[in-house]
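Secondary and tertiary structure notes
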There are 2 protein chains.
Amino acid sequence: MSDLYERAPERGPGIRLHLNENTAGCSAAVLEAMRAVTAPEAAAYPEYGATYRSCAVWLGIRDDQLLLTNGLDEGIYTAAVAWLQRNANGEPAEAVVVEPAYALFAASAAVTGARVVHVGPRPDFDFPLEETLAAITPVTRVVFVASPANPSGLLVPAAAIRAVADRLPARAVLFLDEAYVEFASTSFLSDLRSHPNVVLGRTFAKAFGLAAVRAGYLVAAAPLIEQLRSVVLPFSVNVFALAAIRCAVQDAAYVSWYVAQVAESRRRIYAACERLGCAYWTSEANFVLVRVGAGAAALVETLAARGIYVRDRSSMAGCAGCIRITAGLVEHTEACIAALEDTCARA
Amino acid sequence: MSDLYERAPERGPGIRLHLNENTAGCSAAVLEAMRAVTAPEAAAYPEYGATYRSCAVWLGIRDDQLLLTNGLDEGIYTAAVAWLQRNANGEPAEAVVVEPAYALFAASAAVTGARVVHVGPRPDFDFPLEETLAAITPVTRVVFVASPANPSGLLVPAAAIRAVADRLPARAVLFLDEAYVEFASTSFLSDLRSHPNVVLGRTFAKAFGLAAVRAGYLVAAAPLIEQLRSVVLPFSVNVFALAAIRCAVQDAAYVSWYVAQVAESRRRIYAACERLGCAYWTSEANFVLVRVGAGAAALVETLAARGIYVRDRSSMAGCAGCIRITAGLVEHTEACIAALEDTCARA
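Cut-offs used in this document
- Each chain has its residues counted from 1, running along the sequence as written.
- Written order decides the labels, with chains lettered from A and ligands numbered from 1.
- The predicted nature of this model means local features are confined to residues of pLDDT at least 70 and side-chain atom pairs, given and counted, to a pLDDT of 80 or more, with totals for whole chains, interfaces and linings taken over all residues.
- Note: side-chain values were computed over all heavy atoms of the structure, leaving out hydrogens and water.
- Numbering of helices and strands starts at the N terminus; helices are DSSP runs of H or I of at least 4 residues and strands are runs of E of at least 2.
- We compute the radius of gyration from the C-alpha atoms alone; for a globule the expected value is 2.2 Å times N to the 0.38, where N is the number of residues.
- Categorising residues by exposure relies on relative accessible area from a 1.4 Å probe, with only protein chains included: less than 20% of the type maximum marks a residue as buried, more than 50% marks it as exposed, and the intermediate range marks it as partly exposed.
- Contacts were defined at the residue level, with two residues in contact if any of their heavy atoms lie within 4.5 Å.
- Accessible surface is estimated by sampling points in the Shrake-Rupley manner with a 1.4 Å probe; for residues, cover comes only from the protein chains shown.
- When charges are tallied, Lys and Arg are placed among the positive residues and Asp and Glu among the negative ones, while His and the ends of the chain are skipped.
- Charge placement uses NZ in Lys and CZ in Arg. For Asp and Glu, CG and CD serve respectively.
- The term salt bridge refers to a side-chain nitrogen of Lys or Arg lying within 4 Å of a carboxyl oxygen of Asp or Glu.
- Side-chain atoms alone can form a polar contact between residues adjacent in sequence; in general such a contact is a pair of N or O atoms within 3.5 Å, and within protein one must be able to donate a hydrogen while the other accepts it.
- Throughout, the ten residues Ala, Val, Leu, Ile, Met, Phe, Trp, Tyr, Cys and Pro are labelled nonpolar, Asp, Glu, Lys and Arg are labelled charged, and all others, Gly among them, are labelled polar.
- The convention used is that axes are lines fitted to C-alpha atoms, helices contributing only their stretch in contact, and that angles between N-to-C directions extend from 0 to 180 degrees.
- Crossing handedness follows the turn of the near helix against the far one: under a right angle anticlockwise gives a left-handed crossing, and clockwise gives a right-handed one.
- Throughout, the edges of the domains are those of an automatic or database domain assignment.
- For this overlay, a least-squares fit was computed on C-alpha atoms, restricted to residues scoring pLDDT of at least 70 in both copies.
- Two strands qualify as a pair provided that DSSP identifies no fewer than 2 bridges between them.

Moving on, we get to the overall build of chain A. Per the secondary structure count, chain A includes twelve helices and 13 strands. Taken over C-alpha atoms, the radius of gyration comes to 20 Å for chain A, in line with the 20 Å a tight globule of 347 residues would show. Principal-axis analysis of the C-alpha atoms gives chain A an extent of 60 × 50 × 35 Å. Classification of the 347 residues of chain A by burial places 62% in the buried group. Considering only contacts within chain A whose residues lie at least 6 apart along the sequence, 73% involve residues at least 24 apart. When the accessible surface of chain A is totalled, it reaches about 12,400 Å², and 54% of it is carbon and sulfur. Treating the 29 positive side-chain charges of chain A as one cloud and the 34 negative ones as another, the clouds have centres 1 Å apart.

With that out of the way, let us pick up the interface of chain B and chain A. Taken together, the contact pairs 62 residues of chain B with 62 residues of chain A. Connecting chain B to chain A are two salt bridges. The residue Arg16 of chain A makes a salt bridge to Glu47 of chain B at a minimum N-O spacing of 3.9 Å. In this structure, the connection of chain B to chain A is made through 25 residue pairs in polar contact (both at pLDDT 80 or more). Of all the secondary structure elements, the ones that give two or more residues to the side of chain B that touches chain A are helix H1 (28-35), helix H2 (39-43), helix H4 (71-83), helix H5 (103-111) and helix H9 (239-248) of chain B. With five residues, H2 of chain B is the largest single contributor of residues to the side of chain B that touches chain A. Partitioned by chemical class, the residues of the side of chain B that touches chain A number 33 nonpolar, 15 polar and 14 charged.

Two numbers describe a pair of packed helices, the interaxial angle and the distance between the axes. All names here are of chain B. Two elements in contact, H1 and H9, have axes separated by 8 Å at closest approach and are oriented at 140°. Two packed elements cross with a definite hand, and for H1 against H9 that hand is right-handed. Contacts from Ala29, Val30, Ala33 and Met34 in H1 reach Phe240, Ala243, Ala244, Cys247 and Ala248 in H9. Grouping the constituent residues of the contact of H1 with H9 by class yields nine nonpolar, no polar and no charged.

Take the domain arrangement of chain A next. Residue and element names in this part refer to chain A. When cut into domains, chain A gives domain 1 (12-25 + 252-346) and domain 2 (28-248). Averaged C-alpha coordinates put domain 1 and domain 2 at centres separated by 26 Å. Across the contact, 25 residues belong to domain 1 and 24 residues belong to domain 2. Summed over the shared surface of domain 1 and domain 2, the number is zero salt bridges.

Below, the discussion takes up the relation of the copies chain B and chain A. Superposition of chain B onto chain A requires a rotation of 180° combined with a translation of 0.0 Å along the rotation axis, giving an RMSD of 0.0 Å. The operation mapping one copy onto its partner corresponds to a two-fold rotation axis. Relative to the rotation axis, the C-alpha of Gly90 of chain B is the closest in chain B, positioned 1.6 Å from it. Interface overlap between copies: 100% of the residues of chain B at the interface are likewise at the interface in chain A, consistent with a symmetric, same-surface contact.

Attention now moves to the pairing of strand E8 (residues 216-219) of chain B. Each regular strand displays side chains that alternate between the two surfaces of the sheet. Residues and elements named next belong to chain B. In E8, alternate side chains face the same way, and those of Gly216 and Leu218 on one face and Tyr217 and Val219 on the other are all buried. In this sheet, E8 lies alongside strand E2 (residues 66-69) in antiparallel orientation, the contact comprising four bridges. Note that in E8 the partner of Leu67 across the bridge is Leu218. Of the strand pairs in this sheet, strand E7 (residues 198-203) and E8 are connected by four bridges, and their pairing is antiparallel. When the sheet's bridge partners are listed, Thr203 is paired in E8 with Gly216.

Put into C-alpha cells, the structure is as follows:
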C-alpha cells in the first residue's frame, strides 16, 4: 500500500498490545473448526452459500445485504474501487475522512485517485459534526467514519451519523467502520433500514481473534451491496475464514468472556493513568489512547525492549504525545502497566 | 465481480473436473503445516518476511521481485488497479486480452474502466501474434496472455512472448499468466531479466492443491513490483496461505508425483477422444479441451447428474461445441471417461 499506510515493524516474541489484536487468540472451537478443513477442501474453490446464510441469520439481515470480505481492509478498499474512481471526464471523486482515523481510509482513496478531504479533530476528539457536514460537496462519494473511533476509542453519536448520512448527495455513501463494535455499548446496525446510504464495516479480526485469517464483512442495503459485489473478486475469502465464520457466529460465550476481559483491562489502564498523571480517553474499543507526553516514541521503544509492544500514535492528528495500548487479557494488561510504571519511575 | 465473470454453479458431492483444481487435494505435509497454526497466530496480523524469503529463494529471485497475493486472482486485479485506471484527462487505458482466456482478465479491466481489446483466436488456437501486435496502441497499458492458455492448454511460444513485450509502449506491461506452468514443459521465468516489462503470474492453487487457501504470486522486475505493492492491501495473504507456501516450496516430491498423474490422465483423455471421434488439443496444463459437438451443454448436465462435473466452454471464442475436462488423479479421469463413453453410447 502507499506511504499513507505505515506498516508496523515486525516484532519478536512478546506481549502484542500495538495492533489491537485479540491477545487471547481465537476460541478453541473456532481453531478446531479451521483445523477440520481437509486436503480436498483446501484444493477446491470455496463455496460461499452456507457461510452467507449463517452470517446473515446471525445478523438478522438478508444474504443480499451482506458482503464477506478478505478482512475489513478489503471492504474499505472495495468501497474505494466501487465509488472513488475518476469519472469519465477525469474528475477525481472526493472522500471525506474524519481524523484521526485508520490509515487505510485515505490510503485506499489515494489508490483510486480520489481527492481526500481530511476533517481535523476537535479537542478531546469530540465528533466534528459541523466540520464534517461542511466538508461534503456535490462530488463527495464516500465519507469514512469509525465508531468506536481509532485511536480515540470514542463512539460517534448516532444522531451525528444520521445527520451526515442525511446531508450526503445522491450516489454518495457513509462508510461506517464498526471494527470494534463488540466492545462498545451500541451499533448503528438497526438504523441501516432507515439510512440506505450507509455501509457498515465489521470484522472477525478483533473480538473473535481472527486477524490473521482475514474475515470481514460489509452490511448495507441490497443495491449498495450489489455495486460492491460487481467490483470485488469472486473468491477473495479463503476456506479457513469461511469455516471460522460459521463457527464464530455460534460462539457467543467466547466473545462475552473476552469482552469482559477487555472491559476490566480498560479500567486497570485508566487507574494506572490516574496514578501516573497521564490523560486518557474512556474507550468503547479494545484499546486506550494515553497521553504520555513528549517522550512517547522513546517510551514505546523502551517498552519494546522489555517485550511489551504498544503503538506510538503521536504523529496522528490531535494525538501529540500519545501512545495506544491494546486492552486484551487482564494478565497482559497487568504486565504492560507494571512495565509502564517501572519505566516512568526510572525516568 | 461483473457479469463478465461467470461463477460456476455450486455443485454437490462428486468428482470435480470443472474448475481445474487439484483432484488429489493438497499434500499431507502442507495440510499439517496449516493445521499447526495456533490460536494466537490466528489472532495476530501476519508477518510476511520469512515467507517472502522462502519463496524468493525457491524461485531464485530477490524478495523485491516478488509479490505474494490472495490467489493469483488478486494479482490480476492489482495489475488492473495499478495500470488500467483512467488518466487525469478521463481517458480510459486499453487492455489487450488474447481470447479465449480466463474471464478475470477482462472483468478486472472492466472494474477500472479500461477499454478491453479482444484478440480473437485463430483456428486451432495457434497464437495470434500478428493480431496481438496490431492491437497494441499508444494507450495500451496491459496485455494479458496465458501460457499454458486456458481453456486450450497450449503453450505460447517464447519468441511470441518476446515479440509482444518488445512492441509495447513505455509504461505498458505484458501480464503473463503461468497458473498452470508446473504441468508444462517450459516457463518464461528465466527470460524476465531481459524483459523488464513482463509480469509473471503464478499460483499455488493448481499443482499444489491450494485453491481454497488463496495463495498466488507475481514475479517481475523490482520497479514493477514496487508499483503493484503501492496499490495492494498490506495484509491480503492469510496466515494459512503463508504456512502453506513455506511448506510447499520444500515439497517438490508431491508436485512431481501429481504432475505425473496429470500427464497420464491427459494421455487417457486423448485416447478416449480418439475412440469417440472427438477433436481435442494436446495440453500442457491440467485440463483438456474436447470438441464434443452441438450437445456440449446437455452432455455437461448429463455427466453432472452422474456426479461428474466438467465445464461447458462452448460459448467461449473459438470453442464452439467444446467442454473442458480437468486432468487430475488417474482414477478420477477413468471415472469421467467411463461416464463419457457410456453417455455417448446411449446417445
